[in-house]
Amino acid sequence: MTDISANHTGLQGTSSDVVAAGLPRRNRKQSLVKTFGILAIGFAFLMLFILVGSLVLTGYKAFTQTHVTLDVFIDPEAVPADKLPRGGFNDVLASALISHFSDVDMTSRTEVRAATKILSNGAQFALRDQVVANPGLIGQTVTLTVPVSDTYDQLNKDLIDRDTPEQNRLLSNAEIARFDILKDAGMITKPLNTGLITNADSRFPELAGLRGALVGSFWALLVCFVISFPLGIGSAIYLEEFAPKNKISDFIEVNINNLAAVPSVVFGLLALAVFIGWFGMPRSAPIVGGMTLALMTMPTIIIATRAALKAVPPSIREAAMGVGASQQQVVFHHVLPLAMPGILTGTIIGLAQALGETAPLLLIGMNAFITSAPDSPFQAATALPTQIFIWADSPERGFVSRTSAAILVLLAFLITMNAIAIFLRNKFERKW
Amino acid sequence: MNDMRPLERMVNTDNIKISARNCHVFYGDTQAIKDVNVDIEDHTVTAFIGPSGCGKSTFLRCLNRMNDTIDICRVKGTFLIDGADIYDKSVDPVQLRAKVGMVFQKPNPFPKSIYDNVAYGPKIHGMARTKAELDEIVERSLRRGAIWNEVKDRLHAPGTGLSGGQQQRLCIARAVATNPEVLLMDEPCSALDPIATAQVEELIDELRAQFTVVIVTHSMQQAARVSQKTAFFHLGNLVEFGETGQIFTSPQDPRTESYITGRIG
Ligand SMILES: Nc1ncnc2c1ncn2[C@@H]1O[C@H](COP(=O)(O)OP(=O)(O)OP(=O)(O)O)[C@@H](O)[C@H]1O
Ligand SMILES: [Mg+2]
């Protein structure tokens, strides 16, 4: 500072001397700003890396599922053809499994039950469905690949330490030994866990999947889009292009901005009171979820649309008006097409937010335990974030990795949506 | 169309096309135009000159009610075109703007093809029934805009891809495509090189046969070359209005004289 003021008062230096004297300080400031920016970005990336890294580390094991392959003789005595779909499928499976073990007494129910714990509870249903679909299988031997139960899945994924003392372990030495017999016989496989996507929710981690949540989220987002997109764009166009600028429109504008900042849980309470309480709409249904999310998404879309409309240069409007286009023609022929990339980007980002929104869905009951995917937006369902919430709350160990896996699936959807937004913006962005 | 021209030229038109009385324009609290009275004749080129910020554009935009679109702008006074008040409640500004075309200070083609730029006005006014008619209007307008030869091979290329001067001529073509009666031009040559300027000036002279042209210009020479009447604005006042020759050779007002001799501006 002092040297510069000296230069000024002294008036000896030419102007280029003054500039040169100030340069090092200016450059220093510039590199300071740059360094700070790089540090900030680096920090953000580090955090992102840690987040995704830890999710992947805990979640990747849920992308495979241990299965056991059994040759099952479907005994006509245990499974009589005239009683389908009822039948002793469990017994058939048990004898198929226990035939591999020499230490199990087939006559002792408790011993048999303990030994068949290897199989998932869903195994008997898989077998039943197969037999019901084709009753001719009765009396024959079928090869069946079914999931093992969660505890044995953990064992196979080395999540159960064989070195811990037996009394502190979930599985006894005998149980581990039996599993190893199957493994040595080559009956244990660990294929890609397609059930994670294709199964609905279940009490048993090895059977639980995201299908119900994905379909529920799809319906909710569809409802949200169908409501918020036209309403949001319509109100934005009206406010930006047609509404007289006065106290009332100012008031509305302020309120829309406030609405965008309202915590989402408040919208959930509102939906609970109005949609479910007054209108008597079904609980836990994606239609209500979608309507609630639409309330939240609409301000985002309105604000993005207005910004996009504002960004269209006034010279384009004047040009259109100058040749005699009406206000409506100006907007629909010229302004909207130019604003569309911005509008779409804003909409997709709004929908991505809605996809990840949890609190309002919890309030309207979309965290119910539902074991089938909804066929319509009026049936009870969960959504991706609420499913994550449910799993995170479950005590079974298998849900720990499944929670992380579900978060990864949700993140994948979010990233895809944002990528689409960026793609659309680049593709349709016009220069003028 | 063309055969009409000699006839129109012969008629000595001194009938009034546009008449403005006691006009005041305010932007919020500041007054941009103060009590302007002017009569603009049919089939003449009238030039508005004056220092920057004196209200030339503002006044020009009153003539096609373009100022209506500016929220803070208020217009007072009477504007008559062919004796009819253009600010009357019964007048639709859309219809008025079809009749009073405008070329803006900055070239502003639509981000569409050259063809669509010109065809847009005739299309929305329903002036062409068939594609062939529309093609003809586009070609004629581009020829009048003195740009046909440069763009005839790329009619479907974007209008924004043209050079600044070409864009301005495209805008002129767009303005004449709707066959307006009055053409308002706000510094149409400010982005053009001398050759293009000469082309546009020649064009303006031709347009006079069919249109009433009002042109804002910062170039004294241009005003002298193309206009028959000149209006000198200063600080929102219309200081002097008369025959172009008279304004430039023997201005009545000392402000006019100092402006055209380069002392104010
Ligand atoms: N949209 C507007 N809002 C507020 N004031 C404006 C607006 N447009 C013009 N003005 C003011 O009105 C006065 C006249 O402006 P105008 O554009 O008519 O000048 P001009 O004579 O066309 O100048 P130039 O030769 O530089 O184009 C200026 O003082 C300007 O600041
Ligand atoms: Mg101007």
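Being a predicted model, the structure only gives us computed values, none of them experimental.

Student: Quick question: what am I supposed to make of the coordination of the magnesium ion (ligand 2) here?
Tutor: In a perfect tetrahedron of four donors around a metal, the angles come out at 109.5 degrees. In a perfect octahedron of six, they are 90 or 180 degrees. All names here are of chain B. Protein-derived ligands of the magnesium ion (ligand 2) are Ser-57 (OG) and Gln-105 (OE1), with the metal-ligand distances lying across 1.9 to 2.7 Å. Taken as a pair, Ser-57 in helix H2 (residues 56-62) and Gln-105 in the loop between strand S6 (100-103) and helix H4 (114-124) lie far apart in primary sequence, 48 residues in all. On the accessibility criterion, Ser-57 (21% relative accessible area) is partly exposed. We classify Gln-105 as partly exposed; its relative accessible area is 35%.

Student: What am I meant to see in the interface of chain A and chain B here?
Tutor: Across the boundary between the two partners, chain A contributes 19 residues, which contact 23 residues of chain B. Summing both sides of the interface, chain A and chain B together bury roughly 1,700 Å²; the carbon and sulfur share of this comes to 62%. Taken as a group, Glu318(A), Met321(A) and Val323(A) account for 33% of the area that chain A buries against chain B, more than any other trio of residues on that side. Joining chain A to chain B, the criterion identifies 1 salt bridge. Two residues, Glu318(A) and Arg61(B), come together in a salt bridge whose shortest N-O distance is 2.9 Å. Where chain A meets chain B, there are 6 residue pairs in polar contact (both at pLDDT 80 or more). Sorting the residues of the side of chain A that touches chain B by element identifies helix H13 (314-322) and helix H14 (327-356) of chain A as the ones contributing at least two each. No other element matches the 7 residues that H13(A) contributes to the side of chain A that touches chain B. Split into classes, the residues belonging to the side of chain A that touches chain B amount to 8 nonpolar, 7 polar and 4 charged.

Student: What is the right way to look at the sheet that holds strand S3 (residues 45-49) of chain B in this model?
Tutor: Sheets are built from strands that pair by backbone hydrogen bonding, the pairs being arranged parallel or antiparallel. All names here are of chain B. Here 6 strands make up an open sheet; going across it, the order is S6-S7-S8-S3-S9-S10 and the pairing mixed. Both outer strands of the open sheet, S6 and strand S10 (237-243), are each paired with one neighbouring strand and no more. Here the average twist between neighbouring strands, direction ignored, is 15°. Summarising the sheet, S3 and strand S8 (residues 212-216) pair through 4 bridges and their orientation is parallel. Note that in S8 the partner of Thr-46 across the bridge is Val-214. Sitting on the sheet, helix H8 (residues 194-207) touches S3, strand S7 (182-186) and S8, and the angle it makes with S8 is about 145°.

Student: Could you clarify how one ought to interpret the pattern of salt bridges in this entry?
Tutor: Any two side chains of opposite charge can pair, on the condition that their charged atoms come close. Applying the stated criterion across every chain, the model contains 23 salt bridges over all chains. The closest approach of N and O atoms between Asp180(A) and Arg162(A), which form a salt bridge, is 2.9 Å. One end of the pair, Asp180(A), is in helix H7 (residues 173-184); the other, Arg162(A), is in the loop between helix H6 (150-156) and H7, with 18 residues separating them in the sequence. Across the pair Arg140(B) and Glu136(B) runs a salt bridge, and its minimum N-O distance is 3.7 Å. Placement of the pair is Arg140(B) and Glu136(B) together in helix H5 (residues 131-144), with a separation of 4 residues, close to one helical turn. Residues joined by salt bridges that share partners form a network here, namely Glu240(A), Glu253(A), Arg306(A) and Lys310(A).

Student: Where do I start with the confidence of the model for chain B in this structure?
Tutor: One rule of thumb: low pLDDT means the predicted coordinates there are not for detailed reading. Mean pLDDT for chain B: 87, with 94% of residues reaching 70 or above. Residue range residues 1-13 of chain B is modelled with pLDDT below 50. Its contacts to residues more than four positions away, or to other chains, number 13 contacts.

Student: Just to check I follow, could you spell out the site of ligand 1 for this structure?
Tutor: All names here are of chain B. Around ligand 1, the surrounding shell holds 14 residues, and the nearest of these are Ser-52, Lys-56, Ser-57, Thr-58 and His-218. For ligand 1, an oxygen atom lies 2.5 Å from a polar atom in the side chain of Ser-52. One of the backbone nitrogen or oxygen atoms of Cys-54 is found 3.3 Å away from an oxygen atom of ligand 1. Protein burial of ligand 1: of its 630 Å² of free accessible surface, 62% is covered by the chains. No other element matches H2, which puts 3 residues into the shell around ligand 1.

Student: What should I look at first to understand the side chain of Ser264(A) in this one?
Tutor: For Ser264(A), the location among the structural elements is in helix H11 (residues 264-278). Sequence-distant contacts of Ser264(A), defined by excluding residues within four places in its chain, comprise Met296(A), Glu357(A), Ala359(A) and Pro360(A).

Student: Would you mind showing me how to read the pairing of S3(B) here?
Tutor: The two faces of a sheet get side chains in turn, since along a regular strand they alternate between them. Residue and element names in this part refer to chain B. Of all 5 residues in S3, 5 are buried; the element is thus mostly enclosed. Here S3 shows two buried faces, one formed by Val-45, Ala-47 and Ile-49 and the other by Thr-46 and Phe-48. Where S3 meets strand S9 (residues 229-234), 4 bridges bridge the pair, whose relative direction is parallel. In the strand pairing of S9, Thr-46 is matched with Lys-229.

Student: Looking at this model, I keep getting lost on empty space enclosed by the protein. Mind explaining?
Tutor: Over the atoms rolls a probe the size of a water molecule, and its path tells where empty space is left. Residues and elements named next belong to chain A. A full pass over the atoms with the stated rule returns 2 cavities of 30 Å³ or more. In this structure, the largest cavity spans a volume of roughly 40 Å³. Looking at the largest cavity, the residues that line it are Gln-65, Asp-150, Asp-153, Gln-154, Lys-157, Leu-159, Gly-398, Ser-401 and Arg-402. Looking at the lining of the largest cavity, the elements that each hand over two or more residues are H6 and helix H17 (398-428). Residues belonging to the lining of the largest cavity are distributed by class as follows: 1 nonpolar, 4 polar and 4 charged. Residue contributions to the lining of the largest cavity reach at least three from each of two domains, namely domain 2 (66-191) and domain 3 (211-428). Of the voids in this model, the second largest cavity is the one considered here, and its volume is about 30 Å³. What lines the second largest cavity is simply Asp-201, Gly-212, Ala-213, Ile-370, Ser-372, Pro-374, Ala-381, Thr-382 and Gln-387. The residue makeup of the lining of the second largest cavity, split by class, is 4 nonpolar, 4 polar and 1 charged.

Student: What am I meant to see in H5(B) here?
Tutor: Think of an α-helix as 3.6 residues a turn; residues three or four steps apart then line up on the same face. All names here are of chain B. Taking 1.5 Å of rise per residue, 14 residues should cover 20 Å, and H5 covers 20 Å from first to last C-alpha, within 8% of that figure. Where H5 is concerned, the buried positions are Leu-134, Ile-137, Val-138, Ser-141, Leu-142 and Arg-144. Projection of H5 onto a plane perpendicular to its axis shows the buried side chains occupying an angular sector of 155°, all on one side. Counted as exposed and oriented over 90 degrees from the buried face of H5: Ala-132 and Glu-136. Taken together, the buried residues of H5 touch H4, helix H6 (148-151), helix H7 (164-177) and H8. Count one or two residues on from H5 and you reach Ala-146, which has phi positive near 55°.

Student: Just checking my understanding: could you explain the layout of surface pockets for this structure?
Tutor: By volume, the largest pocket amounts to about 810 Å³. Taken together, 29 residues make up the lining of the largest pocket; nearest its centre are Val112(A), Arg113(A), Thr116(A), Lys117(A) and Leu119(A). For the lining of the largest pocket, the element with the highest residue contribution is helix H3 (residues 89-98) of chain A, accounting for 5 residues. Classifying every residue of the lining of the largest pocket by side-chain character gives 11 nonpolar, 9 polar and 9 charged. In this structure, the second largest pocket occupies an estimated 670 Å³ of space. Lining the second largest pocket are 25 residues, with Glu240(A), Glu241(A), Arg317(A), Gln327(A) and Thr69(B) sitting closest to its centre. At the level of elements, helix H9 (211-242), helix H12 (286-310), H13 and H14 of chain A together with helix H3 (93-99) of chain B are the ones that each hand at least two residues to the lining of the second largest pocket. Top element by residues in the lining of the second largest pocket is H13(A). It accounts for 4 residues. Taken together, the residues that form the lining of the second largest pocket break down as 12 nonpolar, 3 polar and 10 charged.

Cut-offs and rules
- Residues numbered from 1 in each chain as written.
- Chains lettered and ligands numbered in written order.
- Predicted model: local features only at pLDDT ≥ 70, side-chain atom pairs only at ≥ 80, totals over all residues.
- Heavy atoms only, no water.
- Donors = N, O, S within 2.8 Å, 3.2 Å for Na, K, Ca; no water.
- Helix = DSSP H or I, 4+ residues; strand = E, 2+ residues; numbered from the N terminus.
- Buried < 20%, exposed > 50% of the residue type's maximum accessible area, 1.4 Å probe, protein only.
- Contact = heavy atoms within 4.5 Å.
- Buried area = accessible area lost by both parts, 1.4 Å probe.
- Salt bridge = Lys/Arg side-chain N within 4 Å of Asp/Glu carboxyl O.
- Polar contact = N/O pair within 3.5 Å; in protein donor to acceptor, adjacent residues only side chain to side chain.
- Nonpolar A, V, L, I, M, F, W, Y, C, P; charged D, E, K, R; others polar.
- Pairing = 2+ DSSP bridges.
- Axes fitted to C-alpha atoms, helices over the stretch in contact; angles between N-to-C directions.
- pLDDT = per-residue confidence, 0-100.
- Near = heavy atom within 4 Å.
- Areas by Shrake-Rupley, 256 points an atom, 1.4 Å probe, with all protein chains shown as cover.
- 1 Å grid on protein atoms, 1.4 Å probe; cavity = no way out; pocket = protein on both sides within 12 Å on 5 of 7 lines; lining within 4 Å.
- Points joined across faces, edges and corners; volume = space filled by probe spheres on them.
- Domains from an automatic or database assignment.
- Expected span 1.5 Å × (residues − 1).
- Arc of directions from axis to C-beta.

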